[in-house]
Amino acid sequence: MQIKEEYICPKCKHKNRIKIYSSIEGDKIKKIVDKSIFTHECKNCQEKVKVEYPLTIKGDNYTIFFTPSKNENIDDAPSSINRVCDTYADLKEKVLILEDHLNDILIEEIKNQIKINLVNLDIKNIDDLERIRYNGSDESNLNFSLIGVGKLVGISISIYKNMKRKMKLKKINKSVLIDEYTYKNYIRRGHYEITSQKRISFFKW
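Residues numbered from 1 in each chain as written. Predicted model: local features only at pLDDT ≥ 70, side-chain atom pairs only at ≥ 80, totals over all residues. Heavy atoms only, no water.

## Side note on the pattern of salt bridges
Reasoning step 1: Taken as a whole and assessed by the stated rule, the structure comprises 13 salt bridges.
Reasoning step 2: Where Lys15 meets Glu6, a salt bridge forms, and the shortest distance between an N and an O atom there is 3.9 Å.
Reasoning step 3: Residue classification places Glu6 among the partly exposed residues on the basis of a relative accessible area of 48%. (Salt bridge = Lys/Arg side-chain N within 4 Å of Asp/Glu carboxyl O. Buried < 20%, exposed > 50% of the residue type's maximum accessible area, 1.4 Å probe, protein only.)

## What about the sheet that holds strand S6 (residues 55–58)?
Reasoning step 1: Across the sheet, 4 strands lie side by side as S3-S6-S7-S8; this open sheet has mixed pairing. Two strands in the sheet have a free side with no partner beyond their single neighbour: strand S3 (23–25) and strand S8 (81–85). Between one strand axis and the next, the sheet turns by 15° as a mean value, whatever way the strands run.
Reasoning step 2: One ladder, built from 3 bridges, connects S3 with S6; its direction is parallel. Across the sheet, residue Ile24 finds its bridge partner in S6, namely Ile57. (Pairing = 2+ DSSP bridges. Helix = DSSP H or I, 4+ residues; strand = E, 2+ residues; numbered from the N terminus. Axes fitted to C-alpha atoms, helices over the stretch in contact; angles between N-to-C directions.)

## A closer look at helix H4 (residues 157–166)
Reasoning step 1: Those residues of H4 not exposed but buried are Ile157, Ile159, Tyr160 and Met163. Projected down its long axis, H4 carries its buried residues within an arc of 155°, all on one side. When the buried face of H4 is taken as reference, the exposed residues oriented beyond 90 degrees from it are Arg165 and Lys166.
Reasoning step 2: Those residues of H4 that are buried are in contact with helix H3 (104–118), strand S10 (141–147) and strand S11 (151–156). (Arc of directions from axis to C-beta. Contact = heavy atoms within 4.5 Å.)

See the structure below:
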């Protein structure tokens, strides 16, 4: 569903009237990853402006509520997975995770394990690490971006599968925000450590 809204161009102050989505699904979900859904061009000066707004993303078995204002009322959707995001970076990552049919709680634990192992690896600019983000998968690895460092980390898909078998997660019956600060609240029991550095592969961007 589309609705019309107005925004003022920060460059030329022209008032633009644009069409925005209240919810998206199917092929339109790709517009999240390439940022085009929040990018608009001023009709007066052609300046490209990022305009974020509340949006509901409906996947095959999940629903994500994007609430950039952080004060939106959330109505739980009848999906098997309901998540809340309040920044675009979190939203993009969440879409990549759920579109790949992965569990975002386990992905956060893998990111934590990567961070633990990084201190034992010879990376010259490791102090520049800002954050670890899921960045898609290939036939054998789940790939993670080391933001600020300029490297990709590949973790074998078998590690994810083993973690999924050994860790028991709590059942979530409401819309929640899952990130590096909250994910441990939803682990019922079990622990899995990535102890071998050989299980982590590095790739340059």
